[in-house]
Amino acid sequence: MYQISHHGAVHGVDGSLHELTWRLEKQEIHRFWIDCGGWVRKSASGSENEPNVPQPLPEAIFVTHAHFDHIGRVPQALVAGFKGQIYASKATCELIPALIEENLRLEWTRNRRLITKVLKLVETLLRPVSQKQWFRPIDDFPELRVRFHPAGHILGSSWIEFEGPCIRKSNGKYLPTAQENVVFSGDLGRSQTALLPAPSGPVKADLLVLESTYGGKSHPSPGQRKKELLKTLVHALENEGSILVPAFSLGRAQEMLAELDQLKRSDRRLKDLEIILDSPIALKLTELHRKLQYAWSEEARKRWQSGARPLDPENFTPIESHQDHLRTVRYLAQTGRPALVLASSGMCEGGRIVNYLEKMLPDPRHDLVFLGYQAKGTLGAAIQNASKKKSVRSRRVIINKKNIEIRAQVTTISGYSAHADHQGLIKFTEKLQNLPREIRLVHGDQRAKNALRRSLKDKGFRAFCPK
Ligand SMILES: [Zn+2]
């Protein structure tokens, strides 16, 4: 008998924390969390009424990937007394400390000793596991097996499969039934990315918790998205402007460096386009990506063997210090030098991209390119909406407390999202050889969940959106 409850990522995409409770005998209960995510948008935390960690604490946490909305509440879990193990893929275990350190520094404390103490504690609890291999995480629950599989979303990202005995009450007695499988998709990626292996779906799931970020939406094909990006780059070069790309420090930034490297190699018009990576944390994570080649796709490793080095600092301009950042913003805003800036955050909620937006959005020479989903309530979504307005006067947003007019060209190329689109999400269910008792849709806006639920029902699945 098992139950799942959700403590985030139900009415939106923030704060993923799903609780799996496995009941064996009358009194024996094992409690696990799948992800322990924080809220990217502070305003969103109130909507799900779960700013802190739920109680009671679990025996173990299983982490699908290292994005903040899947690991952000790990420090709070430690403060609340969590002492269990944190299972994640090897690459995710390498990335987690860097991401937690960044969050502690930005949101909680600059006290180096305190940060080091938390990081040491996290590192002692982390248990790296190999993907595609069963393991038994709980000594006094040896019947439970767990397996991580590549999810193709960011480096090391996984969907997780739990298999254990299901015990049902019959005539007052607890009787074991067959083994049952519970699958958590985490965030699923798309196929044919520049660095990552493509995801493949489960063959058995009695209960599937499925993300739905891009439900109802479809991405352009890889060829189409490259064409769109190239068109935008050439437009900016002709306009003698720069290109701003808000990018998540983890995943999107490294994927774009690899994609831009391929584009520059194939099109001479981009020869002089300078690529600027303006984010200390993205620089650190890019260095980690270089080291973790075992988690790249086979194609990416082959390209590396044949000489492509997209993540090496010789191929882009790293901006580390805040002074250099401010200098670069001023320089590009004035000169319109042909440059592409990758800076966080991906949804323009804070981070260095905000200073670029303030200075460069009012100038029609420049281009702003969104590469994926902009959640409702973020500055990214506000810019997207305002830029579509017919009257120039109403194309305005508030940035750094200033009323900024948008005269730069704003483009969205959804094909570079790190998430699978509607068809990709459906494809994740296509290898299933049994009919799950339930597919539970999480991690998406209501419209996205409804669209996905309709398609899954058309295919004969029982799909639900938890309240
Ligand atoms: Zn993610």
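Each residue is numbered by its place in its chain's sequence as written, counting from 1. For this predicted model, a pLDDT threshold of at least 70 governs which residues receive local features, and a threshold of 80 or more governs which side-chain atom pairs are given and counted, while totals over whole chains, interfaces and linings are taken from all residues.

Engineer: Could you give me a rundown of the domain arrangement of the protein chain, with the residues and numbers involved?
Structural biologist: Accessible area lost upon the coming together of the parts serves often as the stated size of an interface. These domain limits were set by an automatic method or by a database of domain assignments. The domain boundaries assigned to the protein chain delineate domain 1 (2–217 + 418–464) and domain 2 (222–416). Each partner contributes residues to the interface: domain 1 has 29 residues there, and domain 2 has 28 residues. By the criteria applied, helices consist of DSSP H or I runs no shorter than four residues and strands consist of E runs no shorter than two, each listed in order from the N terminus. Here the element with the most residues in the side of domain 1 that touches domain 2 is helix H4 (residues 90–108); it accounts for six residues. Asp, Glu, Lys and Arg are counted as charged, while Ala, Val, Leu, Ile, Met, Phe, Trp, Tyr, Cys and Pro are counted as nonpolar; the rest, among them Gly, fall into the polar class. Tallied by class, residues from the side of domain 1 that touches domain 2 come to 16 nonpolar, eight polar and five charged. It is the C-beta atoms, placed from the backbone, that decide contacts: two residues are in contact if theirs lie within 7 Å.

Engineer: Go over the pairing of strand E15 (residues 367–370), please, and point to the residues and values.
Structural biologist: Of the two faces of E15, the one holding Asp-367 and Val-369 and the one holding Leu-368 and Phe-370 are both buried throughout. Relative to E15, strand E11 (residues 243–246) runs parallel, the two being bridged by two bridges. When the bridges of E15 are listed, Ile-243 appears paired with Asp-367. As defined by bridge partners, E15 adjoins strand E18 (residues 409–412) across four bridges and the pair is classed as parallel. When the bridges of E18 are listed, Val-369 appears paired with Thr-411. We call a residue exposed when 12 or fewer other C-beta atoms sit within 10 Å of its C-beta, buried when the count reaches 20 or more, and partly exposed for counts in between; the C-beta positions come from the backbone. The rule for pairing is simple: two strands pair if DSSP sees at least two bridges between them.

Engineer: Could you give an account of the sheet that holds strand E4 (residues 60–62), with specific residues and numbers?
Structural biologist: The mixed open sheet is built from six strands, whose spatial order is E1-E2-E3-E4-E5-E6. Only two strands of the sheet have a single neighbouring strand rather than two, namely strand E1 (2–6) and strand E6 (126–129). Put simply, the sheet's adjacent strands are angled 25 degrees from each other on average, direction ignored. By the bridge criterion, three bridges tie E4 to strand E5 (residues 85–89) in an arrangement that is parallel. Bridged to Phe-62 within E5 is Tyr-87. Here, axes are lines fitted to C-alpha atoms. For helices the fit covers the stretch in contact, and angles between N-to-C directions go from 0 to 180 degrees.

Engineer: So, the packing of helix H10 (residues 322–335) against helix H11 (residues 353–360): which residues are in play, and what are the values?
Structural biologist: Axis separation between H10 and H11 bottoms out at 10 Å; the angle between their running directions is 25 degrees. If you check the angle between H10 and H11, you find them roughly parallel. When you trace H10 past H11, the crossing you get is right-handed. Residues Val-329, Leu-332 and Ala-333 of H10 form the contact with H11, whose own contacting residues are Asn-355, Tyr-356, Lys-359 and Met-360. Taken together, the residues of the contact of H10 with H11 sort by class into five nonpolar, one polar and one charged. Here roughly perpendicular refers to angles of 65 to 115 degrees, roughly parallel to angles under 35, roughly antiparallel to angles over 145, and oblique to all remaining angles. Handedness of each helix crossing follows the sense of rotation of the near helix against the far helix: counterclockwise by less than a right angle gives left-handed, clockwise gives right-handed.

Engineer: How would you summarise the confidence of the model for the protein chain if you had to cite specific residues and measurements?
Structural biologist: For every residue, the predictor assigns a confidence score, pLDDT, that lies between 0 and 100. Across the protein chain, the average pLDDT comes to 91, with 97% of residues at 70 or higher. Counted against residues more than four places away or in other chains, residues 43–49, with its pLDDT under 50, gives 13 contacts.

Engineer: Break down the packing of H4 against helix H5 (residues 112–125) for me, with residues and values.
Structural biologist: Their axes nearest at 10 Å, the elements H4 and H5 cross at an angle of 150 degrees. Classified by the interaxial angle, the pair formed by H4 and H5 is roughly antiparallel. The element H4 and its partner H5 pack so that their crossing is right-handed. In this structure, H4 uses Ile-96, Pro-97, Ile-100, Glu-101, Leu-104 and Arg-105 to contact H5, whose residues at the interface are Ile-115, Val-118, Leu-119, Val-122 and Glu-123. Partitioning the contact of H4 with H5 into residue classes produces eight nonpolar, no polar and three charged.

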